[in-house]
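Close look at the chain arrangement
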Amino acid sequence: MSKTSPDTTTNDVAEILQQKFPDSIHPDDREGYSGIVVSPDSLVEVAQSIRDDFRYNLLTSLSYVDYIDEDFFEVVYHAYDTVKGGPALNFKARTPRSQATLPSLTGVWPSANLQEREAWDLMGIHFTGHPNLKRLLTWEGFEGHPLRKDWKEPFYEEDKKPFKSRWPEGRPDRAESRLPYGMNVQYPPGFTPDGWSPEGESALYDSLSTPMTGSGVDVQAIKTDQLVVNMGPQHPSTHGVFRMAVTLDGETITRLEPVVGYLHRNHEKIGERNTYLGNMPYTDRLDYICSMSNNLAYAMTIEKMMGQEVPERAELLRVLVVELTRIVNHFWLIGFLLNDLGAFFTPALYAILERELIVDLFEALTGSRMMCNYMRFGGVAYDLPPYIGGPAVKPGDKARHMDTMKFIKDLVYERLPRAIDQLDNFLTQNEVLVSRCKGVGILPPEAAVACGVTGPVLRASGVPYDIRRSDPYSIYNELDFDVAVRYNCDTYDRYLIRLDEIRQSLRILEQIIPGLEATEGQEYWAGKRGYNVRVPTGEHYGHADNPKGELGFYVVSDGTANPYRYHIRAPSLINITALEEMCRGLKVADSVVILGSLDIVLGELDR
Amino acid sequence: MYGLGIIKGLGITIKHFANTYVEDFKQGIKRYTAEDRFTARQGLEAQGLFTVQYPEEKIAVPERFRYIPFLVVNDDDHPDAPGQPWCTSCGICSKVCPPQCIWIVRSTDPETGRPKPEPQEFYIDIDICMNCGYCAEFCPFDAIKMDHDYEISSYDRTSAHIYDLQKLTKPLSYWRTIAPTRAEEERTAREAKEAAKAEKAKK
Ligand code: SF4
Ligand code: SF4
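Residues numbered from 1 in each chain as written. Chains lettered and ligands numbered in written order. Predicted model: local features only at pLDDT ≥ 70, side-chain atom pairs only at ≥ 80, totals over all residues. Heavy atoms only, no water.

**Brief notes about the overall build of chain A**
Going by this rule: Starting at the N terminus, helices and strands are each numbered in turn, a helix being any DSSP run of H or I of at least four residues and a strand any DSSP run of E of at least two. Only C-alpha atoms enter the radius of gyration; for comparison, a globular chain is expected to reach 2.2 Å times N to the power 0.38, where N is the number of residues. Buried means the residue's accessible area, taken with a 1.4 Å probe over protein chains only, is under 20% of the maximum for its type, while exposed means over 50%, and partly exposed covers the values in between. Contacts are residue-level and defined by heavy atoms, with any inter-residue pair within 4.5 Å sufficient. Only the protein chains shown count as cover for residues, and the accessible areas themselves come from Shrake-Rupley with a 1.4 Å probe. The convention is simple: Lys and Arg are positive, Asp and Glu are negative, and His and the chain ends are not counted. Working definition for charges: the position is that of NZ of Lys, CZ of Arg, CG of Asp or CD of Glu.
In terms of helices and strands, chain A carries 19 helices and 20 strands. On C-alpha atoms alone, chain A measures out to a radius of gyration of 24 Å, which is about the 25 Å that the 2.2 N^0.38 rule sets for 607 residues. With respect to the three principal axes, the spread of C-alpha positions in chain A is 65 × 60 × 60 Å. When the 607 residues of chain A are sorted by exposure, 61% land in the buried category. Contacts spanning at least 24 positions in sequence make up 68% of the contacts within chain A whose residues lie at least 6 apart. A total of about 22,300 Å² of accessible surface is found on chain A, and carbon and sulfur atoms cover 52% of it. Across chain A, 62 positive and 85 negative side-chain charges occur, with their mean positions spaced 3 Å apart.

So, in structure tokens, the structure goes:
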């Protein structure tokens, strides 16, 4: 990394860009905001220049905000440099609400593809030039664009929590008892669900049935046809309610389109109704395997906006739990990748055994095994408990008693290294695994970056990009670890990189333990500890290197108790941009393994 | 040699399988009956089969475990006010609750018509409760705590899952059973606060 402060570099770039495009760029000088505003006409040109001249090759996040009082939509782009690292270049484009049209950036960065579809779906911004601008998360018959500020949900009560009816008058009732339709849906006037046929469905199949062939066979000559197969949404190999609509030529995949949104609950709208602190337990439910990492990314974002410092012990505890979470996630992934390969649950259970021990620690520390809700603005909710276990109360209860520090040390120094070696011996040389994974699902580095792929999947494609190093947060710049990287870009490397990352996480944990012992009894939660969190007006994009990739939060505050905008850049969603590219030309059974190696979780993907 | 990887892997499977029984042979029935052996079976030394024979056996949950909240009231043998709820109906928990599943109606004194620091009604929709623990964390009176009872399945959610005051109420002694250390810590903190207040009043 260069010696100059990274901030000046981005500012310099912004300035040079302004000189280059004096008529179409002006700085965003609203209080608390940063970046440049680009006029829509030259957006594509400026984006190209940002990518080619300034090497911001990775467009990670595309956020969109409805400034209803000012009467425009703003789309906010964050681009990073995967080679040099450093902070984001943040540029924006605006369109009047009545017009709601912007040029698509899919031609510059394919990673904009799904994100623009999402912006169209939820905010109703039309992107001209987008190859496939359909709804992404809501269903085809959905009316309206739910993230617009004037859109109201079926159970609408008030714009902001806390709701007045809860206290002191208290009106206990179930929202569903007030439903006009008896179901949790809202139809346009005059619409009846009977007899309606989804337009989007036929459009989907039409778009898939092109006469491309994967195997090069002339379909016309042998009078054959291509077949569209829906894999999922209910299918064990899709790791949740996820659907891949694949077009097959024989058994060879010619087209593949991911269909998502089955678990969509409009997390972002909920987040905008909610208070800042109230969103913390909701982030647990994004990637529910890694609730700790989600907590950290969100806490850091808000802390940055508040200017809140975090005490040392809290940072140590945060890194402890986050790296343990990474181990949990990778163990889980390896186990289930083997499930996808047909090794039904034996490797998965060996991996889950180790995970159980880690979540035992989480449970004693936070009160919950998965929905940890551990971090607060300014620290963490609890210090380490003296022991792991609890009193036997119920009939049949059996008590355990394990000293916490000893437990952590034994886990990090003994148990986990042994477990990872065992898993390595158990699987890595296994001929079935090797032949199913080696050379399968190649994702070249350029394609990976272009598609916005992040996390272990990107690093297995030969790009050593890790936010813990490129844009360090918490105390990672004081810790000694290597960014794991593999160069074969195939499924086998995506398996191996998880093993590498577990080993690196263990290395980090070994450095954390002495610090934990030295800071015992120190403060772990600084600041007011109140539930009324005040965040100054402004915007911030905070991100962290989660086990699945870059999790980002783009938050806009208007100075009130609730976020004005709360957008999540979900790594699971953006990583599947590359799925078709990886699967094309392979057999249908390979798509299952490739999807497994991408590591998606639907709670986060669909939000 | 082709197939070596598979054979090596099978060796590990066999080891896991055998480990399940090795300890059984060594320790006999004691492994399952003796109180102190449970930690070894469900801890870092665990090898082989790792499951618990639920519902005959249950892992006791840690003190911080959070499930559905409950309201603390005085024990029945309290000298002055047995069964008196600690809740003052200040409304903080209902404000801080992220999914807004707490409803409170404040009591009013029938004679003066002024609000009384006690809830007249207190409801929690436990289908909506996300077990976040904020209510317990931010209650200034230690009046709401997270229960450990996770066996709450029922046949009909519409009639059984909105908990009212009666269903939510549990005596302090219950909290002291499920979370002895924390209950003690909270008692010390309360007493220190009282003492500080008394000190201030004296001055
Ligand atoms: S915060 Fe505590 S005292 Fe206040 S209403 Fe809730 S339970 Fe009662
Ligand atoms: S645990 Fe959380 S969701 Fe449940 S009642 Fe308390 S504050 Fe509300």
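Past the structure itself, the notes keep going.
**Things to note about empty space enclosed by the protein**
All names here are of chain B. The condition is simple: Cavities and pockets are found on a 1 Å grid laid over the protein atoms alone: a cavity is a set of points where a 1.4 Å probe fits but cannot escape, a pocket is an open set with protein on both sides within 12 Å along at least five of seven lines, and a lining residue has an atom within 4 Å of such a point. Grid points are joined across faces, edges and corners, and a volume is the space filled by probe spheres set on the points. Each residue gets one label: Ala, Val, Leu, Ile, Met, Phe, Trp, Tyr, Cys and Pro are nonpolar, Asp, Glu, Lys and Arg are charged, and the others, such as Gly, are polar.
Tallying each qualifying case throughout the model produces eight cavities of 30 Å³ or more. Surrounding the largest cavity, 13 residues form its lining, Pro69, Cys97, Cys101, Cys129 and Cys135 being those nearest its centre. Taken together, the residues that form the lining of the largest cavity break down as eleven nonpolar, two polar and no charged. For the second largest cavity, the calculated volume is near 60 Å³. Lining the second largest cavity are Leu71, Cys87, Ser89, Cys90, Gly91, Cys93, Ile104, Phe122, Cys139, Ala143 and Ile144. Residue composition of the lining of the second largest cavity, grouped by class: nine nonpolar, two polar and no charged.

**A look at the site of ligand 2**
All names here are of chain B. Basically, it comes down to this: Summary of the distance rule: residues count as near a molecule or strand when at least one heavy atom falls within 4 Å of that molecule or strand. Molecule-in-pocket calls rest on the fraction of atoms, with more than half required to lie within 2 Å of the cavity or pocket grid points.
Within the structure, ligand 2 sits among 13 residues, and Cys97, Cys129, Cys132, Gly133 and Cys135 are positioned closest to it. Under a 2 Å grid-point criterion requiring more than half of the atoms, the pocket assigned to ligand 2 is the largest cavity. Across the shell around ligand 2, the residue classes break down as eleven nonpolar, two polar and no charged.

**Comments concerning the nonpolar core**
Threshold: Grouping buried Ala, Val, Leu, Ile, Met, Phe, Trp, Tyr and Cys residues that are joined through side-chain atoms within 4.5 Å yields what is termed a nonpolar core.
Of all hydrophobic cores here, the largest spans 185 residues; its most connected members are Leu17(A), Tyr77(A), Phe91(A), Phe242(A) and Tyr374(A). Among the elements that make up this core, the one with the highest residue count is helix H8 (residues 312-340) of chain A (14 residues). Counting 29 residues, the second-largest nonpolar core is a separate cluster that includes Cys97(B), Phe122(B), Cys135(B) and Ile144(B).

**Examining the confidence of the model for chain B**
Selection rule: Per-residue confidence from the predictor is given as pLDDT, running between 0 and 100.
On average, residues of chain B score 86 in pLDDT, and 100% of them reach the 70 mark or higher. With a pTM of 0.89, the predicted complex shows an ipTM of 0.90.

**Thoughts on the site of ligand 1**
All names here are of chain B. Of all residues adjacent to ligand 1, which total 13 residues, the nearest are Cys87, Cys90, Gly91, Cys93 and Cys139. Judged by the proximity of its atoms to the pocket grid, ligand 1 belongs to the second largest cavity. Residue composition of the shell around ligand 1, grouped by class: ten nonpolar, three polar and no charged.

**Observations concerning the pattern of salt bridges**
Pairs may arise between side chains of opposite charge once their charged atoms sit close together. Residues and elements named next belong to chain A. How we decide: Whenever a carboxyl oxygen of Asp or Glu lies within 4 Å of a side-chain nitrogen of Lys or Arg, that contact is scored as a salt bridge.
Tallying each qualifying case throughout the model produces 62 salt bridges over all chains. Between Glu268 and Arg565 there is a salt bridge whose closest N-O contact spans 3.1 Å. Residue Glu268 is found in helix H5 (residues 267-273), and its partner Arg565 is found in strand E20 (residues 565-569); the two are separated by 297 residues along the sequence. Side by side, Glu268 and Arg565 carry an identical accessibility label, which is buried.

**Some words on the domain arrangement of chain B**
A common measure of how large an interface is: the accessible area buried when the components associate. Under the convention used in this document: How far each domain reaches was decided by an automatic or database domain assignment.
As assigned here, chain B comprises domain 1 (1-59) and domain 2 (69-178). Put simply, the middle of domain 1 of chain B and the middle of domain 2 of chain B, counted by C-alpha atoms, are 42 Å apart.

**Quick word on the interface of chain A and chain B**
Inclusion rule: Here the buried area means the combined drop in accessible surface, using a 1.4 Å probe, for two parts upon being joined, counting both sides.
Contacts between the two partners involve 72 residues from chain A, matched on the other side by 67 residues from chain B. Both faces considered, chain A and chain B share a buried interface measuring about 5,900 Å² in area, 56% of it formed by carbon and sulfur atoms. Among the residues chain A hides against chain B, the three largest losses belong to Trp167(A), Arg174(A) and Lys398(A). Together they make up 14% of the total. The interface formed by chain A and chain B contains four salt bridges.

**Section: the domain arrangement of chain A**
Residues and elements named next belong to chain A. Once the domains are mapped, chain A shows domain 1 (8-128) and domain 2 (267-605). Each of domain 1 and domain 2 has a C-alpha centre, and the two are 29 Å apart. Taken over both partners, the interface formed by domain 1 and domain 2 buries close to 2,300 Å², and the fraction arising from carbon and sulfur atoms is 61%. Here domain 1 and domain 2 share one salt bridge between them. Salt-bridge contacts for Lys92 lead to Glu539; the nearest nitrogen and oxygen are separated by 3.0 Å. Mapped by element, the contributors of at least two residues to the side of domain 1 that touches domain 2 are strand E3 (58-67), strand E4 (72-80), strand E5 (89-96) and helix H3 (112-123). In terms of residue count, the dominant contributor to the side of domain 1 that touches domain 2 is E3 (ten residues). Looking at the side of domain 1 that touches domain 2 residue by residue, the classes come out as 15 nonpolar, 14 polar and five charged.

**Regarding unusual backbone geometry**
Here the bond from Lys161(A) into Pro162(A) is cis, since omega is 0°, no more than 30 degrees from zero. Looking at where Pro162(A) falls in the secondary structure, it is placed in the loop between strand E7 (126-128) and helix H4 (199-208). Cis rather than trans, the peptide bond between Tyr54(B) and Pro55(B) has omega equal to 0°. Position of Pro55(B) among the secondary structure elements: in the loop between helix H3 (37-41) and strand E1 (58-59). The phi dihedral of Ser474(A) falls on the positive side, at around 45°, and the residue is not glycine.

**Topic: the environment of Tyr541(A)**
Residues and elements named next belong to chain A. Which entries qualify depends on this criterion: Side-chain atoms alone can form a polar contact between residues adjacent in sequence; in general such a contact is a pair of N or O atoms within 3.5 Å, and within protein one must be able to donate a hydrogen while the other accepts it.
Of note, Tyr541 is situated in strand E18 (residues 538-546). Along the primary structure Tyr541 and Lys304 are separated by 237 residues, whereas in three dimensions their C-alpha atoms are 9.4 Å apart. Discounting residues that sit within four places of it in the chain, Tyr541 has contacts with Thr60, Ser61, His78, Tyr80, Glu550, Gly552, Phe553, Tyr554 and Arg569. Within polar-contact distance, the side chain of Tyr541 engages the side chain of Glu550 at 2.8 Å.

**Description of the side chain of Glu501(A)**
All names here are of chain A. In this structure, Glu501 sits in helix H15 (residues 491-518). By relative accessible area, which is 3% here, Glu501 ends up buried. If we skip the residues at most four places from it in the chain, Glu501 touches Arg326, His330, Pro456, Arg459 and Ala484.

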